Amino acid sequence: MPADLRKRARALAWFTIGYNLLEGVLSIAAGVAAGSVALIGFGLDSFVETLSAGIMVWRLRRTEESEEENRRERRALRLIGWTFYLFAAYVLFESGEKLYFREAPEPSIFGMIIAAVSTVVMPALYLRKLRIGQALGMRSLIADSKETLACAYLSVSLLAGLGLNALFGWWWADPLTGILVAYFLVREGMEAFETEEEEENAEDGH
């Protein structure tokens, strides 16, 4: 049974990698075309989510964990945490600049479609990861599921911001959504560091 669950978890991790890579490329392309900092930030988040899923693929390949492997995972989690912070700073700066200079993005129907699809895919993916992580007692998979949940919230926020701009011409909704994206990026970075600390404490037997 555990082997079957690990196989399912690996499949979910590979799906997360493929989906987020596609989502990231399409979101950034749509964001650049429309001048939408919220879409670009969403795409950057997708790439960091891909890194996180990559760690899960690497971890799930091993049934026995060594001290060196645990150290490598903690270093990877730390790198992911700092990457979230770096992208958050970029998105926050761009959002502030667009608000200050009143730079209005073009409506992006394509971006709204991407966000709408993610509002359906991400909650379902979160639940599958969470249940398998709880069944296996794997903290890193549970933490990864929380990042997927944050991405679901982010998708809803992005859809709302793009929709307000497209329907009512509220240009400021996009940079404000960008600020919200930055908040989610910071929060996910904090969760990555918390997971890294939990893994270290567990290894030390605390």
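The following paragraphs examine the structure supplied in this document. (Residues numbered from 1 in each chain as written. Predicted model: local features only at pLDDT ≥ 70, side-chain atom pairs only at ≥ 80, totals over all residues. Heavy atoms only, no water.)

So, about the overall build of the protein chain. A tally of helices and strands in the protein chain yields six helices and zero strands. For the protein chain, the C-alpha radius of gyration of 18 Å lies close to 17 Å, the compact-globule estimate for 206 residues. Overall, the protein chain is about 55 × 30 × 20 Å in size when its C-alpha atoms are taken along their principal axes. Scored against the burial criterion, the 206 residues of the protein chain give a buried share of 48%. Once local pairs closer than 6 in sequence are excluded, the contacts in the protein chain between residues at least 24 apart make up 79%. Summing over all exposed atoms, the protein chain offers an accessible surface of approximately 10,100 Å²; the carbon and sulfur share of this is 64%. Taking the 20 positively charged and 27 negatively charged side chains of the protein chain as two groups, their mean positions are separated by 7 Å. (Helix = DSSP H or I, 4+ residues; strand = E, 2+ residues; numbered from the N terminus. Rg over C-alpha atoms; globule rule 2.2 N^0.38 Å. Buried < 20%, exposed > 50% of the residue type's maximum accessible area, 1.4 Å probe, protein only. Contact = heavy atoms within 4.5 Å. Areas by Shrake-Rupley, 256 points an atom, 1.4 Å probe, with all protein chains shown as cover. Lys, Arg positive; Asp, Glu negative; His and termini not counted. Charge placed at Lys NZ, Arg CZ, Asp CG, Glu CD.)

As a further point, take the environment of Gly 111. Mapped onto the fold, Gly 111 is located in helix H4 (residues 109-136). Separated by 43 residues in the primary sequence, Gly 111 and Glu 68 have C-alpha atoms spaced 42 Å apart.

Moving on to a nonpolar patch on the surface. On the surface, Leu 92, Leu 167, Phe 168, Trp 170, Trp 172, Leu 176 and Ile 179 cluster together to form a nonpolar patch covering roughly 700 Å² of accessible area. Mapped onto the nonpolar patch, the elements with two or more residues apiece are helix H5 (139-168) and helix H6 (173-204). Mapped onto the fold, Trp 172 is located in the loop between H5 and H6. A relative accessible area of 36% places Trp 172 in the partly exposed class. (Patch = residues over 30% accessible without salt bridge, like charges linked within 9 Å, V, L, I, M, F, W, Y side chains within 5 Å. Salt bridge = Lys/Arg side-chain N within 4 Å of Asp/Glu carboxyl O.)

Overall, the coordinates contain four salt bridges when judged by the stated rule. Ionic pairing is found between Asp 4 and Arg 8, a salt bridge with its closest N-O pair at 3.1 Å. Taken together, the positions of Asp 4 and Arg 8, both in helix H1 (residues 2-34) and four residues apart, correspond to about one turn of that helix.

Below, the discussion takes up helix H2 (residues 37-60). Its 24 residues give H2 an end-to-end C-alpha distance of 35 Å, which sits within 8% of 34 Å, the value for a rise of 1.5 Å per residue. Among the 24 residues of H2, 20 are classified as buried, and the element is accordingly described as predominantly covered. (Expected span 1.5 Å × (residues − 1).)

A surface patch of negative charge is lined by Glu 194, Glu 197, Glu 198, Glu 200 and Asp 204. According to the relative accessible area criterion, Asp 204 is partly exposed, its value standing at 47%.

Right, let's get into the packing of H2 against H5. Two numbers describe how H2 lies on H5: the axes approach to 11 Å, and their chain directions differ by 165°. What the angle tells us is that H2 and H5 run roughly antiparallel. Relative to H5, the crossing made by H2 is left-handed. Contacts between H2 and H5 pair Ala 38, Leu 39, Phe 42, Asp 45, Glu 49, Ser 52, Ala 53, Met 56 and Arg 59 from the former with Ser 140, Leu 141, Asp 144, Glu 147, Thr 148, Cys 151, Leu 154, Ser 155, Leu 158 and Leu 162 from the latter. Class assignment of the residues belonging to the contact of H2 with H5 gives a composition of 10 nonpolar, four polar and five charged. (Axes fitted to C-alpha atoms, helices over the stretch in contact; angles between N-to-C directions. Parallel < 35°, antiparallel > 145°, perpendicular 65-115°, else oblique. Left-handed = near helix turned anticlockwise from the far one by under 90°. Nonpolar A, V, L, I, M, F, W, Y, C, P; charged D, E, K, R; others polar.)

Next up on the list: the packing of H4 against H5. Running from amino to carboxyl end, H4 crosses H5 at an angle of 160°, the nearest separation of the two axes being 8 Å. With respect to each other, H4 and H5 are oriented roughly antiparallel. Our pair here, H4 against H5, has a crossing hand that is left-handed. Among the residues forming the contact of H4 with H5, the class breakdown is 19 nonpolar, nine polar and three charged.

In this section: helix H3 (residues 67-101). Relative to the 51 Å expected for 35 residues at 1.5 Å per residue, H3 spans 52 Å between its end C-alpha atoms, a close match to the ideal helical length. Within two residues after H3, Arg 102 carries a phi angle of roughly 55°, on the positive side.

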